[in-house]
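Fold and geometry: a report
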Amino acid sequence: MGGSLGRTEATGFGVIFTVREALRQLKLQPEDTIASVQGFGNVAQYAIKLFTQLGGKVICVACWDQKDQTSYSFKKKDGVDLDTLLTITDRFGGIEKDKARAMGYEILPGDAWLEQDVDILIPAAMEHQITGDNVGKIANG
């Protein structure tokens, strides 16, 4: 029947409320932190939106490419621009590689989002993204 009002934003905002509280416990300010995000669907998009509103910076997002049937990471050292990326995103949350590259994004393998030198990793799409097999790839791990 269309779901609940606010449902689209709820999970992504919940992620960032949790991050915000963890940062408080660690006595860190959001504006002093950098994140990398796995996924570019509703959860990831709203997490990126709220995190940047709090002053944080996201430098990498990973998403699935329907055409290539694999994932890619999109990195921009000075920060991803959510609104601009949304203009080149398909209905599944996949980002157009050529257009992203033209906008200054580095196109990396799908699991490269884990390897970025960031303070926060946000797995916002599929479960089992951080495992015993790949935990050693985490830059600050």
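What this report covers is the structure whose coordinates are included nearby. Quick caveat, the model's predicted, so the values are computed rather than measured. (Residues numbered from 1 in each chain as written. Predicted model: local features only at pLDDT ≥ 70, side-chain atom pairs only at ≥ 80, totals over all residues. Heavy atoms only, no water.)

Thoughts on the environment of Asp-83
Following the sequence through the fold, Asp-83 ends up in helix α3 (residues 82-86). Spatially, the C-alpha atom of Asp-83 lies 9.0 Å from that of Lys-49, the residues being 34 residues apart in sequence. (Helix = DSSP H or I, 4+ residues; strand = E, 2+ residues; numbered from the N terminus.)

Quick look at the pattern of salt bridges
Inspection of every chain in the model, using the stated rule, returns 6 salt bridges. The partner of Arg-24 in a salt bridge is Glu-21, with the nearest N and O atoms 2.7 Å apart. Of this pair, Arg-24 and Glu-21 both sit in helix α1 (residues 7-25), 3 residues apart, roughly one helical turn. Accessibility expressed as a relative area gives 52% for Arg-24, which makes it exposed. You can call Glu-21 partly exposed: its relative accessible area is 35%. Lys-97 is paired through a salt bridge with Asp-68; the nearest N and O atoms lie 2.8 Å apart. Here Asp-68 lies in the loop between β2 (57-65) and β3 (70-75) and Lys-97 lies in helix α4 (residues 97-102), a separation of 29 residues in the sequence. The exposure class of Lys-97 is buried, given its relative accessible area of 18%. Taken together, the shared-partner salt bridges connect Arg-20, Glu-21 and Arg-24 into one network. (Salt bridge = Lys/Arg side-chain N within 4 Å of Asp/Glu carboxyl O. Buried < 20%, exposed > 50% of the residue type's maximum accessible area, 1.4 Å probe, protein only.)

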